[in-house]
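Here is how the chains run, residue by residue.
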Amino acid sequence: MQKNKIKGNAAMLVSKVFSGLNENALRYLLPAYMSAPTGVFLRVGFGSAFFWLLGLFRRPSVRPTRRQRLGLFAIGLFCVFGYMFFLLKGLTYTTPVSSSIFISLQPVCVFVICLMLGREKATAMKVGGIVLGVAGAVVCVLTQHSSEVASDPLRGNIYCAASTLVYSIYLIISKQYLRTLDDVTVSKWTFLGAAAAALPVALAMGWDAPVLKAGILSAPMLVLLFVLVFPSSVSYLLIDIGLKNLAATVVALYGSVILIVAAGVSYALGQDRFSWWQIVAIALIMVSMYLVEHAEVKEHSGDKVSR
């Protein structure tokens, strides 16, 4: 059991470092080198090909039923596509740091959804964490103004909030499938569903990807290749490993790594300006995540003792 937890935590740490760098990479590409809808299809299309190719070399221990395949396809169609679409649209208008602030709210969103489904119990510590998390998001929204690094932060932040909500739903649902199916099988069908949704949307909204005309060793193409190989493919494989070995709330907690990585790189590259209000928002969300997760661990420890 301890070995599985170490494996899950290591997988999540590496995955979220990739995801943090992904925020900065996407902000570099959007919208100058590709539009958000086109970028979504490039990501899920590559990811789908990656997992189906990987599936040729890994025989699943349990073959999914027709109902499970349809369910996973639907998750990809709505959750994976929705998450990436809202995220890329958000990064078109706001900064990687602001986007990461909303991503870090995933533990709070997961808890609230589980609470509504009757899977979690409300405690003073968890409610306090929710209030602080929401307060951090509100501070971010109300204090960020348009600038050369964020053309329309309010619109961008709303998209990012929507992406966090959809991704939290994905974490909860996919966790159920990973109890019986292997990670590659889950990713194969969810990414196929996402690609099926992304292609018509990209074509309907207008295909726009100047990055594909750049040289293979040009900066835009190298950044795109990083996005496709690591955050869009390897990272999801690592997330599935995390979900197999850790609670969904613990997996969501790793969103803080994205925030730390994205903030450091953003300030270093000039993709965002340092703001004390932004630091206040980050601090509130960090405390929020600690309270929610500490209460979760304490509650589960109490359950084990009672048993």
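Residues numbered from 1 in each chain as written. Predicted model: local features only at pLDDT ≥ 70, side-chain atom pairs only at ≥ 80, totals over all residues. Heavy atoms only, no water.

A short note on the overall build of the protein chain
For the protein chain, the helix and strand inventory stands at 12 helices and zero strands. Order of helices (α) and strands (β) in the protein chain, N terminus to C terminus: α-α-α-α-α-α-α-α-α-α-α-α. Its C-alpha atoms give the protein chain a radius of gyration of 19 Å, within 12% of the compact-globule value 19 Å for 307 residues. Here the C-alpha coordinates of the protein chain stretch approximately 60 × 50 × 30 Å along the principal axes. In the protein chain, of all internal contacts separated by at least 6 residues, the share reaching a separation of at least 24 is 89%. When the accessible surface of the protein chain is split by element, carbon and sulfur atoms take 69% of a total near 13,800 Å². Averaging the coordinates of the 26 positive side-chain charges in the protein chain and doing the same for the 13 negative ones gives two points 10 Å apart. (Helix = DSSP H or I, 4+ residues; strand = E, 2+ residues; numbered from the N terminus. Rg over C-alpha atoms; globule rule 2.2 N^0.38 Å. Contact = heavy atoms within 4.5 Å. Areas by Shrake-Rupley, 256 points an atom, 1.4 Å probe, with all protein chains shown as cover. Lys, Arg positive; Asp, Glu negative; His and termini not counted. Charge placed at Lys NZ, Arg CZ, Asp CG, Glu CD.)

Concerning the packing of helix α7 (residues 153–177) against helix α9 (residues 219–245)
Between α7 and α9, whose axes approach to 10 Å, the crossing angle comes to 55°. Here α7 lies oblique to α9, going by the angle between them. In this structure, α7 meets α9 at a crossing whose hand is right-handed. Here Tyr 167, Tyr 170, Leu 171, Ser 174 and Lys 175 of α7 lie close against α9, whose contacting residues are Tyr 236, Ile 239, Asp 240, Leu 243 and Lys 244. Of the residues that constitute the contact of α7 with α9, the class distribution is six nonpolar, one polar and three charged. (Axes fitted to C-alpha atoms, helices over the stretch in contact; angles between N-to-C directions. Parallel < 35°, antiparallel > 145°, perpendicular 65-115°, else oblique. Left-handed = near helix turned anticlockwise from the far one by under 90°. Nonpolar A, V, L, I, M, F, W, Y, C, P; charged D, E, K, R; others polar.)

Let's talk about the confidence of the model for the protein chain
When pLDDT is low, close inspection of the predicted coordinates is not appropriate. Here the protein chain averages 87 in pLDDT, and 94% of its residues register 70 or above. Here residues 303–307 scores under 50 on pLDDT; set against residues more than four positions off or in separate chains, the count is one contact. (pLDDT = per-residue confidence, 0-100.)

Some remarks on the pattern of salt bridges
The tally for this structure, following the rule as stated, stands at two salt bridges. The salt bridge involving Asp 183 is made with Arg 58; its shortest N-O contact spans 3.2 Å. Taken together, the residues span a long stretch of sequence, with Asp 183 in helix α8 (residues 183–205) and Arg 58 in the loop between α2 (36–55) and α3 (66–93) at a distance of 125 residues. Taking relative accessible area as the criterion, Arg 58 reaches 38% and is therefore assigned partly exposed. For Arg 155, the salt bridge goes to Asp 152, with nearest N and O atoms at 3.5 Å. Relative accessible area serves as the criterion here: at 26%, Asp 152 is assigned to the partly exposed category. (Salt bridge = Lys/Arg side-chain N within 4 Å of Asp/Glu carboxyl O. Buried < 20%, exposed > 50% of the residue type's maximum accessible area, 1.4 Å probe, protein only.)

Looking at a nonpolar patch on the surface
A cluster of nonpolar side chains, namely Leu 199, Leu 203, Trp 207 and Leu 212, defines an oily patch on the protein surface of about 380 Å² accessible area. Relative to the helices and strands, Leu 212 is located in the loop between α8 and α9. Using a relative accessible area of 42% as the deciding quantity, one classes Leu 212 as partly exposed. (Patch = residues over 30% accessible without salt bridge, like charges linked within 9 Å, V, L, I, M, F, W, Y side chains within 5 Å.)

Some remarks on the side chain of Ser 235
Tracing the backbone shows Ser 235 in helix α9. With sequence-adjacent residues up to four places away left out, Ser 235 is seen in contact with Ser 15, Ser 19 and Phe 230.

Considerations on the environment of Val 251
Within the element layout of this structure, Val 251 appears in helix α10 (residues 248–253). Spatially, the C-alpha atom of Val 251 lies 9.1 Å from that of Gln 106, the residues being 145 residues apart in sequence. For Val 251, the contacting residues outside a window of four places in its chain are Met 12, Leu 171, Gly 242, Leu 243 and Leu 246.

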